[in-house]
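Listed here are the chains, written in short residue letters.
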Amino acid sequence: MSESSLTEQDSRASQEECLRVAVLGGGSFGTALASIAADNGGEVRQWLRDAELAAEINREHRNSRYLPDYAINPAVQASDDLSVVLDGAELVFVAIPSKAFRAVVRQARPWLGADQILVSTTKGIQEEGFKLMSQILEEETGFPHIGVLSGPNLASEIAQKQLTATVVASDDALTRTRVQTALGCDYFRVYASNDRYGVELGGALKNIYAIAAGMAAALGMGENTRSMLMTRALAEMSRFAVALGANPLTFIGLAGVGDLIVTCSSNLSRNYRVGHALGEGKTLDEAVEALGQVAEGVNTVSLVCHKARQDGIYMPLAEGLYQVLFKGVPARQMAQLLMLNEQSSDVEFTLPRELVQQARQEEGKT
Ligand SMILES: NC(=O)C1=CN([C@@H]2O[C@H](COP(=O)(O)OP(=O)(O)OC[C@H]3O[C@@H](n4cnc5c(N)ncnc54)[C@H](O)[C@@H]3O)[C@@H](O)[C@H]2O)C=CC1
Ligand SMILES: O=C(CO)COP(=O)(O)O
C-alpha cells in the first residue's frame, strides 16, 4: 500500500472513531504524552506502578510527584493494572527509564498483540548488547509495528502547552501516521522519519553532551564555549552514528541537533542539571540524588565510551566527560586538556579527519 493511501485511510479512521491509546509510565514525559493524546480526542489509559499516584491522577487530574503544576486532561484514566490499561489499546507508548524498560515490556507482554503499534519514548541504552529501546520492543514481541518518538521535548514545557515538535521514526508507514494522528495538535507537531535507529541514537547520545553543557555553565564558561561544545558534540554524535550504521543526515533534524540544542541550553533538562550540580562541586552521587528523577546520560556516557573504545571510534568529548564523572578528573582540567587535543576537520563529511591529520603530520605538527 502506498504511503499516501495509508495517510488517507488513517485520517478517515480518525474522523470515524477515536484512537485507543495506552501510555506505560507515570513520569513527567509519560504524563505529558497521555494528556496530549487525550487533548487530541483519544481514549487514553496510563499505567503507573504506584497505585496512589494513579488514584490521584483519576481524582485530581494531577501528578504531584512528577508534574505538580500540570492540569492533566480529565479524560486520562490511570491504573496500576496493566491488563486494564492495555485492553483494546491500538497504540502503546512506553515511557519507562531504560533500566526498567525490558522488565516492564515483559510484564506487559501477555496483553500485547501483533496488530498493536508499539512506540518507545525512552532516550537510553541497555548495557547488554548495546540495545536501544525499540530493539527491545522488537525482541520481546516480534511484532511488526514498532516505532520511536524523540525530539526536543522537555516535558515541563509541553505541560505549559509551549509550541513543540517531535519526530516519529519507523520503517512502518502505519506506525508513523497513527502516531501523527494520535498526538499532532495545535501545540504539538509530529514529523516523520524512517531512520528509527538514527533518531533513537540521537535522543540517547545528546544526554551525554547536556551533562557537559550544564557543567560548563556552572564553571562560568561563555556562549562561545557552549557553541563549540554543541557543534563538536554534533560531529561526535554523527561520527558514532555512522560507525553504527545510522544515517548521519538524521542528525540535522529535530531528533539530532534539535534535541541537542534544547538539552544543552535548559535548566529544565535533568541531564543538564546533573552536569550543573557537578560543576558546582557536588559528587555524582549527590547530583543524582538531588535530582530524584532519571538522567539517562550518566549511564549512557559509560556505555558509549566502552563501545567507542571497542570499535575504535574517536569520541574525545564523551571520553573527557567519562573521566570527570567516573575517574575524578576535575572538569576544568579536562576542558583544558580537550583544548590541547588534535585540531581536526570541522565537517568530516566534506573534509575527512584523516586528511587533516595526514597534512599536519607532513608539516611535523602531530
Ligand atoms: N521528561 C522529559 O522531558 C522527557 C523524557 N524522555 C524520556 O522518557 C523516559 C521516561 O522519562 P520520564 O517520564 O521523564 O521519567 P521520570 O523520571 O519522570 O519517571 C520515570 C517513571 O518510570 C517509572 N518507573 C521507573 N522504574 C520503573 C519500574 N521498574 N517499573 C515501572 N515503572 C517504573 C517511575 O515510577 C516513573 O513513573 C526517559 O528515558 C527520558 O529519556 C523523553 C523526552 C522528554
Ligand atoms: O529529552 C529531553 C528533552 O528532549 C529531556 O531531557 P532530560 O532527560 O535531560 O530532562
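Bear in mind that the values here come from a model prediction, so they are computed numbers and not experimental data. (Residues numbered from 1 in each chain as written. Chains lettered and ligands numbered in written order. Predicted model: local features only at pLDDT ≥ 70, side-chain atom pairs only at ≥ 80, totals over all residues. Heavy atoms only, no water.)

Student: Explain the overall build of the protein chain to me, please; I cannot follow it from the model alone.
Tutor: Helix and strand counts for the protein chain come out as 17 helices and ten strands. Relative to its length of 366 residues, the protein chain is compact, with a C-alpha radius of gyration of 21 Å against a globular reference of 21 Å. Taking the principal axes of the C-alpha coordinates as reference, the protein chain spans close to 70 × 45 × 35 Å. Looking at the protein chain as a whole, 53% of its 366 residues qualify as buried. The contacts of the protein chain with a sequence gap of at least 6 include a subset with a gap of at least 24, amounting to 71%. Counting every atom, the protein chain has about 16600 Å² of accessible surface; 50% of that belongs to carbon and sulfur. Across the protein chain, the centroid of the 32 positively charged side chains sits 4 Å from that of the 44 negatively charged ones. (Helix = DSSP H or I, 4+ residues; strand = E, 2+ residues; numbered from the N terminus. Rg over C-alpha atoms; globule rule 2.2 N^0.38 Å. Buried < 20%, exposed > 50% of the residue type's maximum accessible area, 1.4 Å probe, protein only. Contact = heavy atoms within 4.5 Å. Areas by Shrake-Rupley, 256 points an atom, 1.4 Å probe, with all protein chains shown as cover. Lys, Arg positive; Asp, Glu negative; His and termini not counted. Charge placed at Lys NZ, Arg CZ, Asp CG, Glu CD.)

Student: Can you help me understand the site of ligand 1 in this one?
Tutor: Taken together, 23 residues surround ligand 1, and among them Ser28, Asn153, Ala155, Arg270 and Glu296 come closest. Interatomic distance of 3.0 Å between a backbone N/O atom of Ser28 and an oxygen atom of ligand 1. Between an oxygen atom of ligand 1 and a side-chain N or O atom of Arg49, the distance comes to 3.3 Å. Here ligand 1, which alone exposes 830 Å², has 87% of that area covered by the protein. Counting residues per element, the ones that place at least two in the shell around ligand 1 are α2 (28–39) and α5 (98–108). With three residues, α2 is the single largest residue contributor to the shell around ligand 1. When the residues that make up the shell around ligand 1 are grouped by side-chain class, the tally is eleven nonpolar, eight polar and four charged. Inspection of the shell around ligand 1 shows a minimum of three residues originating in each of domain 1 (3–194) and domain 2 (202–362). (Near = heavy atom within 4 Å. Polar contact = N/O pair within 3.5 Å; in protein donor to acceptor, adjacent residues only side chain to side chain. Nonpolar A, V, L, I, M, F, W, Y, C, P; charged D, E, K, R; others polar. Domains from an automatic or database assignment.)

Student: I keep staring at the sheet that holds strand β2 (residues 43–47) and nothing clicks. Help me out?
Tutor: Where strands meet in a sheet, backbone hydrogen bonds hold them as pairs that are either parallel or antiparallel. Spatially, eight strands are ordered β3-β2-β1-β4-β5-β8-β9-β10 in an open sheet, and the strand pairing comes out mixed. At either end of the open sheet lies a strand with only one pairing partner, and these are β3 (77–79) and β10 (188–193). Going across the sheet, the axis of each strand differs from the next one's by a mean of 25 degrees, ignoring polarity. Pairing of strand β8 (residues 146–150) with strand β9 (residues 164–169) involves three bridges; the strand directions are antiparallel. Pairing of Val148 across the sheet is with Ala169, part of β9. Sheet strands touched by α2: β1 (20–24), β2, β4 (91–94), β8 and β10. Its angle to β2, the strand with the most contacts, is close to 165 degrees. Lying over the sheet, helix α8 (residues 173–183) contacts β1, β4, β5 (117–120), β8, β9 and β10, oriented at roughly 175 degrees with respect to β10. (Pairing = 2+ DSSP bridges. Axes fitted to C-alpha atoms, helices over the stretch in contact; angles between N-to-C directions.)

Student: Just to check I follow, could you spell out the side chain of Ser269 for this structure?
Tutor: By secondary structure assignment, the location of Ser269 is in the loop between α11 (254–265) and α12 (270–279). Within polar-contact distance, the side chain of Ser269 engages the backbone nitrogen of Tyr272 at 3.0 Å. Setting aside its immediate chain neighbours within four residues, Ser269 contacts Leu154, Ala210 and Thr263.

Student: What's the story with the packing of helix α9 (residues 196–218) against α12 in this structure? I'm lost.
Tutor: Any two packed helices are characterised by the angle at which their axes cross and by the distance between the axes. Two elements in contact, α9 and α12, have axes separated by 6 Å at closest approach and are oriented at 40 degrees. Classified by the angle between their axes, α9 and α12 sit oblique to one another. Considering how the two elements wind past one another, α9 and α12 form a crossing that is right-handed. Across the interface between the two elements, Asn207, Ala210, Ile211, Ala213, Gly214, Met215, Ala217 and Ala218 from α9 touch Asn271, Tyr272, Gly275, His276, Leu278 and Gly279 from α12. Of the residues that constitute the contact of α9 with α12, the class distribution is eight nonpolar, six polar and no charged. (Parallel < 35°, antiparallel > 145°, perpendicular 65-115°, else oblique. Left-handed = near helix turned anticlockwise from the far one by under 90°.)

That is the geometry; function is a separate question.
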